[in-house]
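Structure at a glance
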Amino acid sequence: MAIRLQDLLEDTLKEEMRRRQAILDRQAFCPVPPNHIYVEPTNKCFLKCAMCTDKALRGDQGYMPMERWRVILDSLAKYHVKAPINLIGRGEPLMNRQLPDFVEYASSKGMSCAIISNGGLLDEAYARKLLKAGIRKIQFSLHAHSRETYKQITGVDLYDKVKANLLGLVELNKEYGSRCYINVMSVESSINRHESAEFVKFWTPRVDRAFVTPLYSIQGDSRMADESLDSIKAKLGGKDFTRHSGCAFPWFFLSYRLDGTINPCPYDFKTNFNVGNADDPDYDLMNVWNSEAMLRFRQSHLDREFSYCRSVDYPCETCEIPSAPDTYKGLDSFTQDFHVVFSREFAAILKNVQAG
């Protein structure tokens, strides 16, 4: 029986308001499950992006097995996680050829999946498998609006192929009832800033959302970390970005590495801090989500006293992300601009239900 759009939105909105209220009430305990979840199919990637980290920071290369995916997915289904589960981590997810099986298993459990991909491998055959399996959202990380700039950023000459794959997916999606929400994004830097306006102008009428996002330092490990920090300072008019109100990620985000390790920050490429493992005999999503480690992590952000973060090698007090304009990752902006946060996270739900 298909769920009504109004019922789904009411239920989702109530849950997200409880999340927001926990922050407003300065509660380290989060009463609802995470809504933004990364599961890493692989940490392998064939690009050499200028703004990424050195591959050595990502640990031994490999793939997540289907058995571990089932454990993770079942735990998320148990607590009725509503937002699409993002198949992404420190690598290119499409390199794990079991991805259509991952998506199909989630669909069989009534769960949605999203993929964040560079698009280089998403030819028609692969796209058909994913659409048939029930993929609900695909985001292309394109980062350029010309072949020359793309090659400069990624270190490979694949722009024409990736662009063709994306345009092909848009048309193929219509054949499958336009059930997949398609995004295209660009991480803006000194390399591609001159193309940002044309990038958004070209893609906006062709996909569900086209946007440019700031360059991030990835906890200082990005090869362009200095530029990221300088860029945020400039956007803030010289204001000290370390005077942020605390980060909202600990109240909505969780990541599963390919080996099952669970960590609470999408920019922790070295996995300095883990709060559990999906392979643990007593693993349970909500027990991990409100574990002692997570409670201390959240409290440090509420108090802006970051000694605990420093103890797990997290540079939270000097992180630029909570202060970055229009990203709504600071505790203040997350709660004050709740309507924007909600619409960005759950826009795909509207399309999925309408197409269902």
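Residues numbered from 1 in each chain as written. Predicted model: local features only at pLDDT ≥ 70, side-chain atom pairs only at ≥ 80, totals over all residues. Heavy atoms only, no water.

An unreviewed UniProt entry annotates the protein chain as Coenzyme PQQ synthesis protein E of Fundidesulfovibrio magnetotacticus. Per UniProt, the protein chain carries the Cofactor (unreviewed entry) text "[4Fe-4S] cluster". (UniProt positions renumbered as here; feature names shortened; annotations may be inferred.)

Attention now moves to helix H1 (residues 5-24). Because an α-helix completes one turn every 3.6 residues, residues spaced three or four positions apart along the sequence face the same direction. The end-to-end C-alpha distance of H1, which contains 20 residues, comes to 28 Å, matching closely the 28 Å that a straight helix rising 1.5 Å per residue would cover. Those residues of H1 that sit buried are Leu8, Thr12, Glu15, Glu16, Arg19, Ala22 and Ile23. Summarising the axial view, the buried residues of H1 lie within an arc of 110°, below the 170-degree limit, and thus occupy one face. Looking one or two residues beyond H1, the residue adopting positive phi is arginine 26, at roughly 60°. (Helix = DSSP H or I, 4+ residues; strand = E, 2+ residues; numbered from the N terminus. Expected span 1.5 Å × (residues − 1). Buried < 20%, exposed > 50% of the residue type's maximum accessible area, 1.4 Å probe, protein only. Arc of directions from axis to C-beta.)

With that settled, consider the UniProt feature "domain: Radical SAM core" (unreviewed entry) in the protein chain. Within this numbering scheme, the UniProt entry marks residues 31-250 as carrying the feature "domain: Radical SAM core" (unreviewed entry). Between the end C-alpha atoms of residues 31-250 there is a gap of 13 Å, over a span that is 36% helix and 14% strand.

This part covers the sheet that holds strand E9 (residues 276-277). With mixed pairing, nine strands are arranged side by side in an open sheet as E6-E5-E4-E3-E2-E1-E7-E8-E9. Pairing within the sheet leaves two strands with one partner each, and these edge strands are strand E6 (209-214) and E9. (Pairing = 2+ DSSP bridges.)

Between helix H2 (residues 66-78) and helix H3 (residues 99-108), whose axes approach to 10 Å, the crossing angle comes to 30°. Our classification of the angle between H2 and H3 gives roughly parallel. Handedness of the crossing formed by H2 with H3: right-handed. Note on element contacts: H3 touches H2 through Asp101, Phe102, Tyr105 and Ala106, opposite Met66, Trp69, Arg70, Leu73 and Asp74. A per-class count over the contact of H2 with H3 returns six nonpolar, no polar and three charged. (Axes fitted to C-alpha atoms, helices over the stretch in contact; angles between N-to-C directions. Parallel < 35°, antiparallel > 145°, perpendicular 65-115°, else oblique. Left-handed = near helix turned anticlockwise from the far one by under 90°. Contact = heavy atoms within 4.5 Å. Nonpolar A, V, L, I, M, F, W, Y, C, P; charged D, E, K, R; others polar.)

Among all positions in helix H4 (residues 124-133), only Tyr126, Ala127, Leu130, Leu131 and Ala133 are buried. Down the axis of H4, the sector holding all buried residues measures 160°, keeping them to one side. Opposite the packed face of H4, turned more than 90 degrees from it, sit the exposed residues Glu124, Lys129 and Lys132. Where H4 is buried, its residues meet H3, strand E3 (113-117) and helix H6 (159-175). One or two steps after H4, the chain reaches glycine 134, where phi turns positive at roughly 105°.

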